[in-house]
Structure formats: C-alpha cells, structure tokens
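Geometric and topological summary
Spelled out, the chains give:
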2 protein chains.
Amino acid sequence: MGWQNKFSADADAVSASEIRELLKILSDPSILSFAGGIPDPALFPMADVRRIQSALDARVDDPTRQSMQYSQTEGYLPLRSWISNRYATAEIALHPHNVLITNGAQQSLALLATALIDTDSAIALADPTYLGALQIFGTRRPRYLTVETDDDGMTLESLENAFRQGVKLLYTIPDFQNPGGMTIPRDRRRRMVELAHQYNVPIIEDGAYRALYYGSPPPPSLLELEGQFLGTGKWDADGRVIHLGTASKTMMPGLRVGWTIAPAVVLDKLVLLKQANDLHTSTVNQVMVHELATGILDEHVQVLRRVYGERRDAMVAALRQYLPNTVHFTTPQGGMFVWLTLPEGMDARVLLEKALEKEKLAFVPGAAFHANGGGENTLRLAFSTCSLDDIRTGMKKLAGLIISEQNPAD
Amino acid sequence: MGWQNKFSADADAVSASEIRELLKILSDPSILSFAGGIPDPALFPMADVRRIQSALDARVDDPTRQSMQYSQTEGYLPLRSWISNRYATAEIALHPHNVLITNGAQQSLALLATALIDTDSAIALADPTYLGALQIFGTRRPRYLTVETDDDGMTLESLENAFRQGVKLLYTIPDFQNPGGMTIPRDRRRRMVELAHQYNVPIIEDGAYRALYYGSPPPPSLLELEGQFLGTGKWDADGRVIHLGTASKTMMPGLRVGWTIAPAVVLDKLVLLKQANDLHTSTVNQVMVHELATGILDEHVQVLRRVYGERRDAMVAALRQYLPNTVHFTTPQGGMFVWLTLPEGMDARVLLEKALEKEKLAFVPGAAFHANGGGENTLRLAFSTCSLDDIRTGMKKLAGLIISEQNPAD
C-alpha cells in the first residue's frame, strides 16, 4: 500500500538534517563537542525558578491554576507588555498588540513562513545562514537568493543584487550570526533598511543572540533603525521590519517561549495562524518567563556575558595560537559561534570524521548552512558549553588535525 | 505600501473565527456561558502538581534543570513509552518510535495537514465537525467533502460516497464528537476501517474526549479495530489509522501537551516537520504530564467522569423537561457537548443575540462547524464548566427563548 505517495509536495521537500542526526550521535559524553549551539545548563537560574514557583503557589489568587487553563492565542498579557516596553524605541511606541508569544523564535519563523512564502517565492538570506530557518522555509518550497557575506555579515552589493531580482522577504541575523559569528555594522544596517523600503521587501530580523554581547553592545537593531528612518509614529503603518526574540538563549530553551514583534496588520495574521497551529503557547511557561524577565534577567545576563565572554576569549586566543594562517576564522563580539574557513579543497566533513575517530572531538561542518550548496571547506565551532581548559585542548587538537590534513605527507 | 499583497495565498485563506471572537466577548463573568468547550479549572489536580514539583526539586539528579535544556523533537522518552504502552492493543505492539509529542492535539492536526494535504486535496470530514480542524486544514486550501451524520455520527452511505469521489484523508472524532456529541457504534467503526483500506484512505482519528465517558466505555478505537482487521504485527507496515490524544481534557490544557500515534514512516515525516516548526514541545511540561499520567491520572479521571457525568445528566434532563418537541438534541455518552437542531428556519445566531440581550446566556451557533455551509438552525451547548443549578436555570431560559422564537405572537 505504502505511504510515500500520500505525502504532500511540501512534506516531500523535507528531509532529515545531517546536522541534527550528527547531534544525536554526540550524546556520547566522552566526546569533546563544539557542535551544539546550545546554552550551558549549569548557568540556568534554577534557584530563581524554584523561588518563583513557591511564591506563585503561595498566592491566594492561585495563578498557577489559572495558567493551566486554555488562554488567548496572543500570549500572556503581562509578558507581552514587558516585551513591548523593552523593545520600544524613541520613534516606535510598541504596544502589546504588536507582540505575539510563540514556542521559541523557531515557531515565529514557521508562522512567518506560512504567512509570507508561496511555492517558488524568492527569499534572500545570508550565505551561510541559520539551518533552522532553511528547514522551515524549505517546507514552503521557495527559491533562495543567497547574499554573500564578509567579516561584517551581508555585503550591500550582493544584497541589492538580490533585491533587484525581486524577493518576497529578507531573513537576517544581524548580531553575532548563527553560524558565522559576524555582526553587521551600523552603517550597513541603515542601508539595509533603506534598500528594504526602496525595493519594498519585508525583513525578518532574528535577534536571538542580541543580548549576549561580550564587549560593547551591538549596533542598533534594524527595528530601531527603521524607526529612525521612518520618523516617530510611522512604523505600525509603514514598517517592514519584523523582529524576533526568545527566552531560549538568556533564560532557558526548555520553556519554549519566544516572541514576534510586528506591525499590527502582520501580527493579526500571525495570531490567526498561531491559533490554527496550536491555540497558544504554554501559559505556565509564559508566566515563568515573565517572572524571570522582570525579576532577575538583567542581572542574570551579566553573568552569562562574563562566562560566555571568557569562553569566547579562550577560543579565539587558542585559534590564533594554534591554527595555521591558511585558515580564516571570525572573531565574534557575542553569541556562541566562531566560523572557520579551511583552505580551498579541504572538506570539513572528512575533517569531522577524522576528528571523531582520532580525537573524539566534534564540530559542525558548514555545508548545510549554505542554502544553495557550497561551503564544504567551512565549519562552525560553538564555545558556549565548554570549559576554558576543554576549549584550549580542543582547539589545539583541531589545529593539529587541520595541519595534518593540509600536509598529508607528515 | 501595504502588507496585504505580501501575504501568501495560504495566509489569505485564513480569517478570524466568529466563534473565537465570540468567546472573547464572553469573558464577562456575569454571562451564563455554555459556549466554551473547556475543562473546569476547579477540577485541575493542583495539589498533585505541587507535590510533583517538590519531589522533582528534591532529586539529586536535578531533572527540572535537565528539562529546561533543548531536547529531542520526538518528545520525552518516558512519556512516549507510557503512551505506547497505554495504546498498544492485542494486535498492535506500539513502540515509542510510533509516538510524537506535540503542543496539544491541535498541533498534531497542524503537522498532519502539512504532511498530507496539498492545495485542492479532497478531505472527508463530518458535518458538523471540530472548528479547529477546519481552521488548520483551511490553511492548506483543500476541498471538503462533508459526510452526513445522524445520532450515531457519520453515515456509512455518505462516507463511502465521499471515498468513491477520491479523498486524500478522512478526519473523524468517533467518541462524543465535538461539536455533535455523537459516538460512532462499533459496527460502523469496523466498516469505516474496511472502507479506508478498500479505498486506500488514511484516517486521522481524534481521540481527545475518549477517556471522558459517563457510562460504559466507548467502542474500541479505529486504531484498535484496524489492528483486528489487519491481524497481529501488521499495523506498522499497513496501518492507515493515525490516532491523536491529549493531556488537555483529562489533565490540563495550559501545559500544551498532546500526542500523535502513527506508523513509523508517517511518524518520521511528522518529526521532521515538528523539528522545523518549533524544535520540540516544552520538556518541563512533558515531565509533568508523565508524572501525572503515571501517578494520578486513572484516579483523577474517575472524578472527572463523576462530575462531568452529573452535569451531562442535568443538561439532558432539563432539555427533556423544557424543550418543545420541535427541537432535536443529542444525548452524549461522554465528552462535553450537546448538539441542538432547532426548527427549520430558526437562526441560532439570532437566538444567541436575544439570549445574550434578554438572559445574559451564551452558546455557540452551529453554522461555523459546517465545512461547506449550512447548519444555521443548529447550536452547541457545553456542560463541562457549569454548576448543576446553572445548567437547570440556563436550559429553562434557553427553552423559553426558543419557544418565544417559534411563537413570535406570544
């Protein structure tokens, strides 16, 4: 009988991610892994979670019971208010009706994909870009127009070239990009906003890593710059930037809480799609995120910046010390990732096989982050979950493997 | 500039649900509402939730911290094992790889809609049927072939007629249907399975209300009957029935935990779609559902059956006492709903306006539950959240309004 001819054309377009399969293998704790782009669970604020739960349980209005009932699709109003206050700018007076709570920023991308992409729609995105975006956009069967990047992210020439060909939307991670680690400078951001208006292209700005900076804060978001570009009070009618945020990187991913900030006409459409997809995000988790956000978040993020910043420093220093100068790597100002470009012709997948076999060391080969192929000589390193010693040891081993690979006679 | 021409054709097909809008108005606590098909929050097992949280917090392996990290898309393995054991039959040896955890059964429907429905695919479903299914199926822009119902649910003649025209799938709620309250008898179920195999049609069996029976248990599920039809050990290769369950009706909807049971080839596809859509369902909530399911569920469901059963009895008795015999109503053996068919020509929307105005009483007009229109003289009553006194008072008032409406001269 067979199910194969029962699946939709969209579902036929979906295939297992090589990387996700790799990550399953990596559950072996003896492997020194720089593969997973995940937060360090040792840094989760569990004492605060317990204190908050106890305080909620002691309240006479029994908010936990209330949060166990069905609730509105838009999300828990106090959390939406906190978000709209947090992201409001001098020119953009955000309101809760501009905010939708989702199951992490990944679901924000999913709802936007359904809302904005038809089969064969042209989508502009960086080369490389976030794999999860490619996975969900792929279920809509678009065409990808990849935008070249340098150490400052997307180049304007390549971006305008894509816009000139006509694109339905631009997806971008301006801050400490996953996987590339690049941050787009202010002037380039400003020009991106101008181009979006010139060519009438919506921008999905994925701000997942924005709070995790290890020196100066990143440049203003595209959302904020669009406010300046449009002038006070114009964004809700004329804005093209949709901004995504999440509790996964600064609080805890297991709660599955993220958010979408959009002009009301877009947000209303996303609410209908969210309602059809899963009614609403877990209310009890939204309440917890709200309590953490208003109680301990700013202090907690200071800790994350210090710890992750030290790990970033250790990784960059070790790569400088050990890597041959035939290898290029990015120096991220935040986030979780360093991006390596190996010598032309060296295959990161082959390198990974040897790394696992010889050194029990793992990273993510970069090819999968390229929407239209290429990047076989690139790889992603995450520094977020490893100790400083493991980072130094691991980078030394990785450099040794690369040197062996480029000098096979050794 | 405008966003209207930016939305996809799928998104353009989505519009606000009249009923959802109605439910917003009903947040006024002075209204006596039989509209919302939701569990009674007074019955949520909050003491157990607190006891479980404390026990988890006291464990040295700190499971709550672990459950705050990213985790696998398929779901929390102990919960999937509990489900596969619970639903296994004499002929179907379910395994955890047949189970995907979702954000409530609504997300199961969403993933199945993407997996199985193309634009213009023909979908067979009952008239009336669950509104949330119409909402999410609608985002795929299918054609609906509606199947007529009587007091025993779908009629076989109408179902085979739909199958003969060629359908991509059948969606059905065999137990205590939402909105109709009907339960499909065993013989009819058995024949539905035979027809599905004869015409090679996948069945989505929505078992959301299955555990909430107030007398005898409902007939075997389509899943179980398909196992008998196919013989031992055949279902994973040859099964056409996909079964959906949820923690929302028997535990708590705010946790947003449901599940899909499917042959492995289907489940693997759904896992890929789930991963692309939101990575995974909140792990901390899955842990709670697992603890409740293995600890108190069976005992708790006994309480729900008693309390909801009394409310069902009160509603049916009051309708028998007060309604004129020009009105037909179903007598549900479980679930939350009674379905009324008013005299031909009486519009339930008009009746609702008068009910709100004159009696501050609410219900859901039935038209929206009809995929291809019709049903203006039908309405849905929910008995799950009201006291016995409110049910008696409310039904008397409703009957009075209907009598006034059919005798406008009075």
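Residues numbered from 1 in each chain as written. Chains lettered and ligands numbered in written order. Predicted model: local features only at pLDDT ≥ 70, side-chain atom pairs only at ≥ 80, totals over all residues.

Attention now goes to the domain arrangement of chain A. All names here are of chain A. Taken domain by domain, chain A comprises domain 1 (4-45 + 299-406) and domain 2 (69-296). Centre-to-centre separation of domain 1 and domain 2, based on C-alpha positions: 24 Å. With 35 residues of domain 1 at the interface, the matching set in domain 2 holds 35 residues. Elements represented by at least two residues in the side of domain 1 that touches domain 2 include exactly helix 14 (297-322), strand 12 (337-341) and strand 15 (378-382). Among the elements that take part in the side of domain 1 that touches domain 2, helix 14 stands out by supplying eight residues, more than any other. Looking at side-chain class alone, the side of domain 1 that touches domain 2 contains 17 nonpolar, 13 polar and five charged residues. (Domains from an automatic or database assignment. Contact = placed C-beta atoms within 7 Å. Helix = DSSP H or I, 4+ residues; strand = E, 2+ residues; numbered from the N terminus. Nonpolar A, V, L, I, M, F, W, Y, C, P; charged D, E, K, R; others polar.)

Moving on, we get to the environment of A:Pro63. Residue and element names in this part refer to chain A. Counting through the fold element by element, Pro 63 comes out in helix 4 (residues 63-67). Counting along the chain gives 277 residues from Pro 63 to Leu 340, while the straight-line C-alpha distance between them is 48 Å. In this structure Pro 63 touches Leu 56 and Val 287, once residues within four positions along its chain are discounted.

The interface of chain A with chain B comprises 62 residues on the first partner and 62 residues on the second. A per-element tally of the side of chain A that touches chain B places helix 12 (residues 264-278) of chain A first, with nine residues.

As a further point, take the nonpolar core. Within the largest apolar cluster, 216 residues are counted, with the highest numbers of intra-cluster contacts made by A:Ile123, A:Ala124, A:Leu381, B:Ile123 and B:Ala124. The residues touching A:Ala124, leaving out its near neighbours within four places in the chain, are A:Leu145, A:Val147, A:Leu159, A:Ala162, A:Phe163, A:Val167 and A:Leu170. Judged by nonpolar contacts, the second largest core, of 30 residues, contains B:Met315, B:Trp339, B:Leu361 and B:Met395. (Core = buried A, V, L, I, M, F, W, Y, C linked by C-beta atoms within 7 Å. Buried ≥ 20, exposed ≤ 12 C-beta atoms within 10 Å, placed from the backbone.)

Residues and elements named next belong to chain B. Counting through the fold element by element, Leu 112 comes out in helix 6 (residues 104-116). For Leu 112, a count of 27 C-beta atoms within 10 Å translates into the label buried. A sequence separation of 292 residues divides Leu 112 from Ser 404, and the C-alpha atoms of the two residues are 45 Å apart. The contact partners of Leu 112, leaving out residues within four places of it in the chain, are Ile 204 and Ile 242.

Residues and elements named next belong to chain B. In a regular helix each residue adds 1.5 Å, so 15 residues correspond to 21 Å; helix 12 (residues 264-278) covers 21 Å between its end C-alpha atoms and thus fits that length. The element helix 12 is extensively covered by neighbouring structure, given that 12 of its 15 residues are classed as buried. If you check which residues of helix 12 are buried, you get Val 266, Leu 267, Lys 269, Leu 270, Val 271, Leu 272, Leu 273, Lys 274, Gln 275, Ala 276, Asn 277 and Asp 278. Positive phi appears at Leu 279, one or two residues downstream of helix 12, with a value of about 70°. (Expected span 1.5 Å × (residues − 1).)

Residues and elements named next belong to chain B. Where helix 15 (residues 348-359) contacts helix 16 (residues 388-406), the axes come no closer than 10 Å and their chain directions differ by 125°. One element, helix 15, and the other, helix 16, form an angle in the oblique class. In this structure, helix 15 crosses over helix 16, and the sense of that crossing is right-handed. Between helix 15 and helix 16, the residues in contact are Leu 351, Lys 354, Ala 355, Lys 358 and Glu 359 and Lys 397, Leu 398, Leu 401, Ile 402 and Glu 405, respectively. For the contact of helix 15 with helix 16, the class distribution of residues is five nonpolar, no polar and five charged. (Axes fitted to C-alpha atoms, helices over the stretch in contact; angles between N-to-C directions. Parallel < 35°, antiparallel > 145°, perpendicular 65-115°, else oblique. Left-handed = near helix turned anticlockwise from the far one by under 90°.)

Below, the discussion takes up the relation of the copies chain A and chain B. Relative to chain B, chain A is turned by 180° and slid 0.0 Å along the rotation axis, the superposed coordinates differing by an RMSD of 0.0 Å. These values place the two chain copies in the arrangement generated by a two-fold rotation axis. Looking at the interface residues of chain A, 100% of them are also at the interface in chain B, so both copies use one shared face. (Least-squares fit on C-alpha atoms with pLDDT ≥ 70 in both.)

For the rest of this paragraph, the subject is the sheet that holds strand 6 (residues 169-172) of chain B. Residue and element names in this part refer to chain B. Spatial ordering of the open sheet is given by 2-9-8-7-6-3-4-5, a layout of eight strands whose pairing is mixed. The strands lining the two open edges of the sheet, one partner per strand, are strand 2 (99-102) and strand 5 (153-154). Looking at chain direction, strand 7 (residues 203-206) and strand 8 (residues 241-246) are connected through four bridges and run parallel. Within strand 8, the residue paired with Glu 205 across the bridge is His 243. Contacting strand 2, strand 6, strand 7, strand 8 and strand 9 (258-261), helix 6 runs over the sheet at an angle of about 150° to strand 8. (Pairing = 2+ DSSP bridges.)

Residue and element names in this part refer to chain A. With respect to topology, seven strands assemble into an open sheet ordered 2-10-9-8-7-3-4, the strand pairing being mixed. Unpaired on one side and paired on the other, strand 2 (99-102) and strand 4 (143-147) mark the two borders of the sheet. Put simply, the sheet's adjacent strands are angled 20° from each other on average, direction ignored. Where strand 3 (residues 122-126) meets strand 4, five bridges bridge the pair, whose relative direction is parallel.

Turning our eyes to something else, we now look at unusual backbone geometry. With omega at 10°, the peptide bond leading from A:Asn178 into A:Pro179 counts as cis. Tracing the backbone shows A:Pro179 in the loop between strand 7 (169-172) and helix 9 (186-198). Although it is not a glycine, B:Asp120 sits at a positive phi angle of roughly 75°. Along the chain, B:Asp120 falls in the loop between helix 6 and strand 3 (122-127). Looking at B:Asp120, the number of C-beta atoms within 10 Å reads 10, which means it is exposed. The backbone phi angle of B:Arg256 is positive, close to 55°, even though this residue is not glycine. Checked against the element boundaries, B:Arg256 lands in the loop between strand 8 and strand 9.

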